[in-house]
Every structure is written in C-alpha cells, then in structure tokens.
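# Understanding the architecture of this molecule
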Amino acid sequence: MKIMVLNGPNLNMTGIREVGVYGSETYEQLKGYIEDQAARREIQVKVLQSNHEGQLIDWIHEAYFEGYDGLIINPGALTHYSYALHDAIKAALLPAVEVHLSNIHAREEFRRRSVTAAACLGQISGLGKQGYALAMDALAARDGGRA
Ligand code: DQA
C-alpha cells in the first residue's frame, strides 16, 4: 500500500511556532515519526510539505497519476478556506484523511470550519502526531480501495 502524506503551510515551523499548541518536536522529527509508523505497517509513504497551495494541488494530482492508494493531509490554515484544495482531493478519487495536530474545534472560531474535510473520509484532530498513525490505520482498514 502506497500513501502520500501532505503537510501544508507553516507545518515546517513545527517545534518553533506556538510550541504550547503544536509541541516542541521539529518538523523533521514529525516526518521521521510518520515514516517510522508507515514502515511498521509495511506501508510505503511519501511525506511532503509545502507552503504553497498550488504545489499541494499538484502533488494531490500526482498521487492519482502515480497510483497512490490513499492520502493523508494536514492542510494547515488552508483547511479553513481552500475550495481549490477541496476540489483537488475530490478530483484525485483517493480515500483521504484530514489530520490536525491541534484540536481545531477547541481554538479560535475561524478554525472550527474545515472546507477540506468534506472531501475526505474523515478528520482526526487534536491527537498530535498520533493522528497520522491513526489515519494510516483507517486507510489500511479500507484496504486502499478507491474513493
Ligand atoms: C493545524 C491547524 C490549523 O488551524 C493551523 O492553521 C495549522 C495547523 C494543525 O495541525 O493543528 O497550521 O492544521
């Protein structure tokens, strides 16, 4: 099984930005955790991060054309307003799980709304890095079937 993991704007600043909210582990450590969790499950994983909406959209399309079985996405703040990302997830016809390190429902009002989650199977929010591992389990349980 082959899964693409995408992290959006500012996730590269994890460990530096708002450590009270996102923790003190660096982005590299987070990436290492995701890769390790995938290896334990014998899942092939590609973990990518971009601060640019268009790049994330290009990668989502690539996931389709390169025959990925699923997508895990933390769209960062794009979660709250990117209809283009929503459409890209739908267009890729891949089962997708949205992940947030923090509990977006327990923070500012503007974070409570996700426009991307509706294009996904579901959303995992507030469980820190473990959310990515749980998302892998959810995708593996579906056996990688197309959305
Ligand atoms: C986030 C939550 C978003 O609201 C925020 O803009 C982020 C990170 C999270 O992982 O908790 O950049 O997606």
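Notes on the structure in this doc start here.

What counts, and at which threshold
Residues numbered from 1 in each chain as written. Predicted model: local features only at pLDDT ≥ 70, side-chain atom pairs only at ≥ 80, totals over all residues. Heavy atoms only, no water. Near = heavy atom within 4 Å. Polar contact = N/O pair within 3.5 Å; in protein donor to acceptor, adjacent residues only side chain to side chain. Areas by Shrake-Rupley, 256 points an atom, 1.4 Å probe, with all protein chains shown as cover. Nonpolar A, V, L, I, M, F, W, Y, C, P; charged D, E, K, R; others polar. Core = buried A, V, L, I, M, F, W, Y, C linked by side-chain atoms within 4.5 Å. Buried < 20%, exposed > 50% of the residue type's maximum accessible area, 1.4 Å probe, protein only. Helix = DSSP H or I, 4+ residues; strand = E, 2+ residues; numbered from the N terminus. Contact = heavy atoms within 4.5 Å. Expected span 1.5 Å × (residues − 1). Arc of directions from axis to C-beta. Salt bridge = Lys/Arg side-chain N within 4 Å of Asp/Glu carboxyl O.

### Some thoughts on the site of the ligand
- Close to the ligand lie Pro-9, Arg-17, Tyr-22, Asn-74, Gly-76, Ala-77, His-80, His-100, Leu-101, Ser-102, Ile-104 and Arg-111, which account for all nearby residues.
- Between the ligand and the protein, one listed contact pairs an oxygen atom with a side-chain N or O atom of Arg-17 at 3.1 Å.
- In isolation the ligand offers 320 Å² of accessible surface; the protein chains occlude 99% of this area.
- Of the residues that constitute the shell around the ligand, the class distribution is five nonpolar, five polar and two charged.

### Some thoughts on the nonpolar core
- Within the largest apolar cluster, 21 residues are counted, with the highest numbers of intra-cluster contacts made by Val-5, Ile-34, Ile-72 and Tyr-132.
- Looking at this core, the elements with two or more residues in it are strand E1 (2–7), helix H2 (27–40), strand E4 (96–100) and helix H5 (130–141).
- Apart from residues lying up to four places away in sequence, Tyr-132 is in contact with Val-5, Asn-7, Leu-30, Ile-34, Ile-72, Asn-74, Val-99 and Leu-101.
- One finds Leu-78, Ile-89, Ala-96 and Ala-119 within the second-largest nonpolar core, a separate group that totals 20 residues.

### As for H2
- Under the 1.5 Å per step criterion, the end-to-end length of H2 is 20 Å for 14 residues, consistent within 8% with the ideal 20 Å.
- Where H2 is concerned, the buried positions are Tyr-27, Leu-30, Tyr-33, Ile-34, Gln-37 and Ala-38. Here the buried residues of H2 occupy an arc of 130° about the axis, which is enough to place them on one side. Of the exposed residues in H2, those oriented more than 90 degrees away from the buried face are Glu-28 and Arg-40.
- The positive-phi residue at the C-terminal boundary of H2 is Glu-42, with phi of around 55°.

### Digging into the pattern of salt bridges
- The full count for this structure, using the stated rule, is eight salt bridges.
- A salt bridge links Arg-41 to Asp-137; the shortest N-O distance between them is 2.6 Å. Remark: Asp-137 occurs in helix H5 and Arg-41 occurs in the loop between H2 and strand E2 (44–49); sequence separation between them is 96 residues.
- Salt-bridge contacts for Arg-107 lead to Glu-108; the nearest nitrogen and oxygen are separated by 3.8 Å.
- Looking at Glu-108, the relative accessible area reads 35%, which means it is partly exposed.
- Among the charged side chains, a network of salt bridges with common partners joins Glu-18, Arg-107, Glu-108 and Arg-111.

### A closer look at the side chain of Gln-37
- Checked against the element boundaries, Gln-37 lands in helix H2.
- Residue classification places Gln-37 among the buried positions, given a relative accessible area of 13%.
- Only 2.8 Å separates the side chain of Gln-37 from the side chain of Arg-41, close enough to count as a polar contact.
- Sequence-distant contacts of Gln-37, defined by excluding residues within four places in its chain, comprise Ala-133 and Met-136.

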